[in-house]
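# Understanding the architecture of this molecule
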Amino acid sequence: MVDISANFLGIKSPNPFWLASAPPTDKEYNVRRAFEAGWGGVVWKTLGEAGPPIVNVNGPRYGAIWGADRRLLGLNNIELITDRPLEVNLREIKQVKRDYSDRAMIVSIMVPCEEKAWKTILPLVEDTGADGIELNFGCPHGMSERGMGAAVGQVPEYIEMVTKWCKETTRMPVIVKLTPNISDIRYPARAAKAGGADAVSLINTVSSITSVNLDDFSPEPSIDGKGSHGGYCGPAVKPIALNLVAEIARDAETAGLPISGIGGISTWRDAAEFLALGCGNVQVCTAAMTYGFRIVQEMEAGLKQWMDEKGHATLDDVIGRAVPNVTDWQYLNLNYVAKAKIDQDACIKCGRCFAACEDTSHQAISMVGPDGERRFEVMDDECVACNLCVNVCPVENCITMERMETGAVDPRTGQTVTEEYGNWTTHPNNPGAVAAE
Amino acid sequence: MRPSQLTSGIAAGRLDKDTLAENFSDLHAPFTAHEAAVEADRCYFCYDAPCMTACPTSIDIPMFIRQISAGMPEAAAKTIFDQNILGGMCARVCPTETLCEEVCVRETAEGEPVEIGRLQRFATDVAMATPQPFARAASTGKTVGVVGAGPAGLACAHRLAMHGHDVVIYDARPKGGGLNEYGIAAYKTVDGFAQAEVDWLMGIGGITLEAGTGLGAELSLDDLATKHDAVFLGLGLGGVRKLGLGLGATSAVDFIADLRQAADLTSLEVGRNVVVVGGGMTAVDAAVQSKLLGAENVTIVYRRGKDAMAASGFEQDLAAQKGVTIRHWAQPIGSTPDGMEFEYTTQGDNGLEGTGETFTLPADQVLAAIGQTLNPLDGLDHADGKITVKPGGATSRKGVWAGGDCASGGDDLTVTAVAEGRDAAEDIHNSLMEG
């Protein structure tokens with residue numbers, strides 16, 4: 001029997017699916033419904049310090065890009081942290097946690113980059129009975145202009161400093177939420193670790209302008225003819241998030257640091273991929289904002305079924321399994337030789353592979369069969385196995401990359417395929433190659 | 001008492017005005033912009049696309065669909081009109097299921113082609129709300145006489161006008177449009193679209209329509225050749241084959257034309273029991289419309305099998321869906337007091353043979369749709385009953401071109417007539433500019 005219960009930093013939840021800090025977790029009403037729907041935990045929408053409530057724009061907060069059928073592919077927001085009074089949020093968090101003690105309750109916090117501010121709010125949060133805190137060093141819009149959010153997350157020294165203040169002040173596990181709007185994710189992750197963080201979570205949203213209105217030349221979402229960059233999320237950012245997660249998971253300095261994975265997770269499969277790259281759990285937002293809370297049921301069932309089929313009994317059997325396979329380009333096996341192969345029975349003869357290969361790649365696909373018919377074939381003597389044909393083919397598994405057998409001669413290079421591993425570091429064309437001993 | 005579907009004999013007004021209006025409304029509702037966007041997204045933008053190859057006018061279908069996807073239906077329509085100035089009508093009447101949509105790779109992939117015809121209609125509907133987008137070249141001082149204001153003649157005239165020639169179209173009927181106006185089922189081209197398209201097309205300028213003037217006593221081919229620098233014949237097939245046997249059959253072509261021109265469908269007579277003889281689009285159009293007018297029983301009788309019918313599978317299904325019965329392998333042999341008598345047929349060694357077995361269908365009205373013919377023109381070579389043309393449409397007589405149904409080759413489709421008219425215009429233009 002598959003067990004998908006999660007234990008992240010000692011915080012237990014019946015499944016690894018948490019709702020990320022965002023509008024879905026802004027109040028008791030939503031969070032109760034989320035828990036009823038089956039979510040394993042929530043990160044409560046970011047609290048700020050006591051005082052006059054946050055003010056949001058009164059026009060559109062979200063922008064999006066869509067497929068032609070209006071399937072939402074990427075979402076952008078310019079909403080700020082919670083605009084409800086601190087005491088209301090604290091009271092509700094306490095009540096919900098009391099009623100759902102088996103679910104994870106994490107509270108996201110963002111206060112000014114001053115020790116006093118952090119040390120003032122932490123005891124208030126601790127008093128709710130919350131399981132942990134997440135430091136919002138990621139929000140790229142609005143708050144960052146006031147020296148908070150991504151403005152902190154972009155300066156490793158600040159990350160370390162604030163994390164330390166928190167660790168000194170609270171018993172609660174501290175998760176540092178990282179912004180992707182940096183040049184090298186390893187530095188903020190190392191800083192979080194140096195500050196004593198129990199975990200990092202990533203990614204927060206990517207700075208973005210979703211589109212430009214070509215009638216009035218205003219960026220979208222447009223507020224009275226003007227737009228400001230927002231934070232981009234949803235399926236479109238998943239590949240970015242996967243890479244940043246992997247960078248931290250395989251960095252010698254941060255390896256083993258627990259990671260909560262975030263970024264475009266929409267299905268069980270997305271979640272499983274984040275787990276495989278080293279995440280102890282995942283956080284979801286855009287998919288819930290697009291389809292509602294019920295999607296967690298698909299995620300739960302799908303993850304269980306996949307684990308069952310693969311013989312993975314617990315999440316620990318999955319977490320980090322792909323990390324050793326993430327490497328640098330220089331270590332990729334240059335002796336691995338593949339050729340594209342087109343399944344003629346599956347081929348619908350659209351010719352997209354031909355157009356892509358002929359116009360933009362290696363001119364390795366022919367489009368005329370022996371009897372002059374419309375037939376697309378790979379020319380092995382030209383194919384470099386770039387995979388573009390596979391990517392543009394509209395039919396699943398119609399074009400596949402087939403590994404050449406050891407001992408076969410690659411008709412493109414005339415070289416015999418060897419089973420020996422060989423990478424760039426030892427390649428004769430590399431001026432800096434080290435002699436293989 | 002108002003007649004009903006059960007009233008014996010032939011009667012008008014079997015159905016009330018509202019029911020008739022509903023029955024003769026648009027067969028395929030136009031796409032909304034959203035529907036068009038979703039459908040356009042299904043197009044794979046194939047390389048050397050099979051749909052484009054299958055289109056007799058070679059419309060760049062992937063490109064126009066991409067332009068719809070990109071929110072530019074007007075540009076999409078321009079792509080269509082570049083190849084086919086009657087793209088609006090073709091979007092409505094083309095048997096797409098045997099042309100572009102039959103070879104769509106989505107048909108191969110999942111049995112559901114991209115709905116190219118409806119997308120074409122979406123784009124052309126948007127564009128045809130504004131003037132036609134082509135400009136005329138500087139005047140050449142040449143004039144061309146075009147006989148027939150049907151698809152071939154109109155396409156030829158428009159292309160000639162684009163090239164700067166002055167065109168006079170002569171048509172025997174009171175209105176232009178040819179079969180688009182007189183010969184196509186009403187539910188395929190509603191709201192006076194055929195006339196609107198003629199007006200829109202002629203908006204390019206340089207084209208004069210002499211309606212009510214056909215080739216004949218008052219206007220000979222010699223007159224035209226004298227009057228114009230070139231002549232294009234797109235006069236269609238003026239004659240209809242008649243059922244012999246004294247069966248009292250009327251022409252399905254006339255029936256359709258009367259229906260198309262009727263101001264009030266309740267005034268049109270139709271039998272309680274209608275028998276249509278034939279197997280082409282005209283047979284289906286006549287049968288379906290008889291049913292829609294309120295006939296109780298409508299039967300198409302065709303002397304060969306389903307596969308041999310010139311009407312497409314879609315048209316046959318449409319007939320069945322509207323309640324028309326199609327009977328294959330039977331030919332009319334005479335009439336009896338009970339109706340019309342048919343003999344079963346079979347494919348023998350030497351062609352079609354009667355089996356000697358018969359059946360009788362009640363028939364208050366018999367419509368013959370067994371083909372149309374060309375009355376041969378003096379001074380032109382003919383083959384198989386049509387004017388012999390070379391590629392480009394030149395006839396055996398210098399200075400005279402022909403295209404559409406009256407010319408050899410082709411397949412009796414609107415879209416083919418358009419292609420032939422267009423190509424003949426190019427040939428005429430080259431010829432005139434050489435001389």
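Along every chain, residues carry numbers that run from 1 in the direction the sequence is written. As they are written, the chains are lettered A onward and the ligands numbered 1 onward, keeping that order. Selection of residues for local features in this predicted model requires a pLDDT of at least 70, selection of side-chain atom pairs for listing and counting requires 80 or more, and totals for whole chains, interfaces and linings are taken over all residues. Only hydrogens and water are set aside; all other atoms, that is, all heavy atoms of the structure, feed into the side-chain values.

## Let's talk about the overall build of chain B
Comment: elements are numbered from the N terminus, with helices defined as DSSP H or I runs of at least four residues and strands as E runs of at least two. In terms of regular secondary structure, chain B is built from 16 helices and 19 strands. Every radius of gyration here is taken over C-alpha atoms, with the globule rule written as 2.2 Å times N^0.38, N being the number of residues. Against the 2.2 N^0.38 benchmark of 22 Å for 435 residues, chain B shows a C-alpha radius of gyration of 22 Å, consistent with a compact globule. Here the C-alpha coordinates of chain B stretch approximately 65 × 55 × 50 Å along the principal axes. For the exposure calls, accessible area comes from a 1.4 Å probe over protein chains only, and a residue counts as buried if that area is under 20% of its type's maximum, exposed if over 50%, partly exposed in between. The burial tally for chain B puts 51% of its 435 residues in the buried class. Contacts were defined at the residue level, with two residues in contact if any of their heavy atoms lie within 4.5 Å. For chain B, the share of sequence-separated contacts (at least 6 apart) that also reach a separation of at least 24 residues comes to 69%.

## A few points about the packing of helix α4 (residues 61–69) of chain B against helix α5 (residues 73–83) of chain B
Residue and element names in this part refer to chain B. Each axis is a line fitted through C-alpha atoms, taken for helices only over the stretch in contact, and angles between the N-to-C directions span 0 to 180 degrees. Closest axis-to-axis distance for the α4/α5 pair is 7 Å, and the angle between their directions is 170°. Relative to α5, the element α4 lies roughly antiparallel. Where α4 approaches α5, its residues Met63, Phe64, Gln67 and Ile68 are matched on the opposing element by Pro73, Ala75, Ala76, Thr79 and Ile80. Considering only residue class, the contact of α4 with α5 consists of seven nonpolar, two polar and no charged. What sets the label is the angle itself: under 35 degrees gives roughly parallel, over 145 gives roughly antiparallel, 65 to 115 gives roughly perpendicular, and the rest give oblique. Each residue is assigned to one of three groups, with Ala, Val, Leu, Ile, Met, Phe, Trp, Tyr, Cys and Pro labelled nonpolar, Asp, Glu, Lys and Arg labelled charged, and all others, Gly among them, labelled polar.

## Thoughts on a nonpolar patch on the surface
All names here are of chain A. Together, Ile209, Val212, Leu214 and Phe217 line one region of the surface with nonpolar side chains, adding up to about 460 Å² of accessible area. Along the chain, the position of phenylalanine 217 falls in the loop between β12 (211–213) and β13 (218–220). Among the residues examined, phenylalanine 217 registers a relative accessible area of 63% and is labelled exposed. Patches in this entry comprise residues that are over 30% relatively accessible and not in a salt bridge; like charges within 9 Å are linked, as are nonpolar side chains (Val, Leu, Ile, Met, Phe, Trp, Tyr) within 5 Å. All accessible areas in this document rest on Shrake-Rupley with a 1.4 Å probe, and a residue is counted as covered only by the protein chains that are shown. The term salt bridge refers to a pairing of a side-chain nitrogen on Lys or Arg with a carboxyl oxygen on Asp or Glu at a separation within 4 Å.

## A short note on the nonpolar core
Among the buried residues, those of types Ala, Val, Leu, Ile, Met, Phe, Trp, Tyr and Cys that are joined through side-chain atoms within 4.5 Å form a nonpolar core. Ranked by size, the top nonpolar core spans 87 residues in total, and within it Ile61(B), Phe64(B), Ile68(B), Leu119(B), Ile207(B) and Ile428(B) carry the most contacts. The residues that make up this core include at least three from each of domain 2 (33–127) and domain 3 (143–238 + 374–434) of chain B. Beyond its immediate stretch of four places on either side in the chain, Ile61(B) contacts Cys51(B), Met52(B), Cys55(B), Cys100(B) and Ile116(B). Counting 81 residues, the second-largest nonpolar core is a separate cluster that includes Val107(A), Ala192(A), Ala241(A) and Leu303(A). What marks off one domain from the next here is an automatic or database domain assignment.

## Section: the packing of aromatic side chains
Ring geometry is summarised as follows: Phe, Tyr and Trp rings, the Trp one being its six-membered ring, pair when their centres sit within 6.5 Å, and such pairs are stacked at plane angles under 30 degrees, edge-to-face over 60 and tilted between the two. A complete count under the given rule lists nine aromatic pairs over all chains for this structure. Both rings, one in Phe35(A) and one in Tyr100(A), keep their centres 5.1 Å apart while their planes meet at 45°; by these two values the pair is tilted. Here Phe35(A) is found in helix α1 (residues 28–37), whereas its partner Tyr100(A) is found in the loop between α2 (86–99) and β7 (104–109), with 65 residues between them in sequence. The same class applies to Phe35(A) and to Tyr100(A), which are both buried. Here the aromatic residues Phe354(A), Phe376(A) and Tyr47(B) are joined through ring pairs into a cluster of three or more. When the ring centre of Tyr187(A) is taken as origin, the NZ or CZ atom of Arg190(A), which lies over that ring, is 5.1 Å away. For a lysine, the NZ atom is tested; for an arginine, the CZ atom; a charge sits over a ring if that atom is within 6 Å of the ring centre and within 35 degrees of the ring normal. Its guanidinium or amino end placed over the ring of Phe193(B), Arg92(B) lies 3.6 Å from that ring's centre, counting from NZ or CZ.

## Thoughts on α5(B)
Listing the buried residues of α5(B) in full gives Pro73(B), Ala76(B), Ala77(B), Thr79(B), Ile80(B) and Phe81(B). Considering only its buried residues, α5(B) is in contact with α4, α6 (87–93), α8 (116–127) and α11 (193–202) of chain B.

## Some points on the interface of chain A and chain B
The interface of chain A with chain B comprises 13 residues on the first partner and 14 residues on the second. Our enumeration of links across chain A and chain B arrives at zero salt bridges. Definition of a polar contact: a pair of N or O atoms within 3.5 Å, with one able to donate and the other able to accept a hydrogen when the atoms are protein atoms, and with sequence-neighbouring residues admitted only if both atoms are side-chain atoms. At the boundary of chain A and chain B, one finds four residue pairs in polar contact (both at pLDDT 80 or more). By residue number, the principal contributor to the side of chain A that touches chain B is helix α11 (residues 352–360) of chain A, which donates three residues.

## So, the domain arrangement of chain B
It is common to report an interface's size as the accessible area lost on association of the parts. Residue and element names in this part refer to chain B. With domains assigned, chain B is organised as domain 1 (10–25 + 240–368), domain 2 (33–127) and domain 3 (143–238 + 374–434). Taking only C-alpha atoms into account, the centre of domain 2 sits 26 Å from that of domain 3. Summed over both partners, buried area is the accessible surface (1.4 Å probe) that two parts give up on being assembled. Taken together, the two surfaces of domain 2 and domain 3 that pack against each other cover about 1600 Å², and 74% of this comes from carbon and sulfur. Looking only at domain 2, the three residues that lose the most surface to domain 3 are Ile85, Leu86 and Met89, adding up to 40% of its buried area. Here domain 2 is connected to domain 3 by zero salt bridges.

## Focus: the sheet that holds strand β14 (residues 230–233) of chain A
Residue and element names in this part refer to chain A. Judged by pairing direction, the sheet is antiparallel, and its four strands sit side by side in the order β5-β6-β14-β11 without closing on themselves. The sheet is open, and its two edges are formed by β5 (62–66) and β11 (206–208), each paired on a single side. This sheet shows a mean twist of 35° between the axes of neighbouring strands, independent of strand direction. Only strands that DSSP links by at least two bridges are regarded as paired with each other.

## Section: the pairing of strand β12 (residues 330–336) of chain B
All names here are of chain B. Judged from the six bridges that link them, β12 and strand β13 (residues 339–348) form a sheet pairing that is antiparallel. Residue pairing in the sheet places proline 332 in a bridge with phenylalanine 342 of β13. Hairpin connection from β12 to β13: two residues lie between these consecutive antiparallel strands.

## Side note on the sheet that holds strand β3 (residues 166–171) of chain B
All names here are of chain B. What the five strands build is an open sheet, ordered β4-β3-β2-β5-β19; its pairing is parallel. Whereas interior strands pair on both sides, the edge strands pair on one side only; in this sheet they are β4 (207–211) and β19 (400–402). Going from strand to strand, the sheet's axes swing by 20° on average, the running direction of each strand aside. Pairing of strand β2 (residues 143–147) with strand β5 (residues 230–233), which is carried by four bridges, proceeds in the parallel orientation. Across the sheet, the residue bridging to valine 146 is phenylalanine 232, located in β5. Together, β2, β3, β4 and β5 form the strand contacts of helix α9 (residues 151–162), whose direction differs from that of β3 by roughly 165°.

## Overview of the state of the cysteines
Formally, a disulfide is one covalent bond, and it connects the sulfur atom of one cysteine to the sulfur atom of another. Residues and elements named next belong to chain B. Count a disulfide wherever a pair of cysteine sulfur atoms falls within 2.5 Å. Counted according to the given criterion, the structure contains zero disulfides over all chains. The structure places no disulfide on cysteine 43, whose sulfur is separated from the nearest cysteine sulfur, that of cysteine 46, by 6.3 Å. Cysteine 43 gets classed as partly exposed once you look at its relative accessible area, which sits at 21%.

## A word on the environment of Ala50(A)
Residue and element names in this part refer to chain A. For alanine 50, the location among the structural elements is in the loop between β4 (41–47) and β5. Among the residues examined, alanine 50 registers a relative accessible area of 56% and is labelled exposed. In the structure, alanine 50 is positioned 369 residues away from glutamate 419 in sequence and 65 Å away in space, judged by C-alpha atoms.

## Considering the side chain of Glu247(A)
All names here are of chain A. For glutamate 247, the location among the structural elements is in helix α7 (residues 238–249). Look at glutamate 247 and you get buried, because its relative accessible area is 18%. Those residues in contact with glutamate 247 that sit more than four places away from it in its chain are Ile185 and Arg186.

## With respect to α8(B)
Residues and elements named next belong to chain B. Between the first and last residue of a helix there are one fewer steps than residues, each counted as 1.5 Å, and that sum is the expected span. Between its terminal C-alpha atoms α8 stretches 17 Å, which fits the 16 Å expected from 12 residues at 1.5 Å a residue. Burial runs high along α8: nine of the 12 residues are buried. Of the positions making up α8, those classed as buried are Ile116, Gly117, Leu119, Gln120, Arg121, Phe122, Ala123, Thr124 and Ala127. Packing partners of the buried residues in α8 comprise α2 (33–40), α3 (50–54), α4, α5, α6 and α11.

## Some remarks on the pattern of salt bridges
Counting across every chain of the model gives 42 salt bridges over all chains. Between Lys94(A) and Asp127(A) there is a salt bridge whose closest N-O contact spans 3.5 Å. Residue Lys94(A) is located in helix α2, and its partner Asp127(A) is located in the loop between α3 (115–126) and β8 (132–136); the two are separated by 33 residues in the primary sequence. Here Arg42(B) and Glu39(B) are joined by a salt bridge, their closest N and O atoms 2.9 Å apart. Across the pair, Glu39(B) and Arg42(B) agree in class, each one buried. What you see here is one network of salt bridges that share partners, running through Glu28(A), Arg32(A), Arg98(A) and Asp99(A).

## A word on the environment of Val288(B)
Residue and element names in this part refer to chain B. With respect to the helices, strands and loops of the structure, valine 288 is situated in helix α14 (residues 281–293). On the basis of relative accessibility, which here comes to 0%, the residue valine 288 falls in the buried class. In this structure the C-alpha to C-alpha distance between valine 288 and valine 298, which are 10 residues apart in sequence, comes to 8.0 Å. Excluding residues within four positions of it along the chain, valine 288 makes contact with Tyr187, Ala319, Lys322 and Val324.

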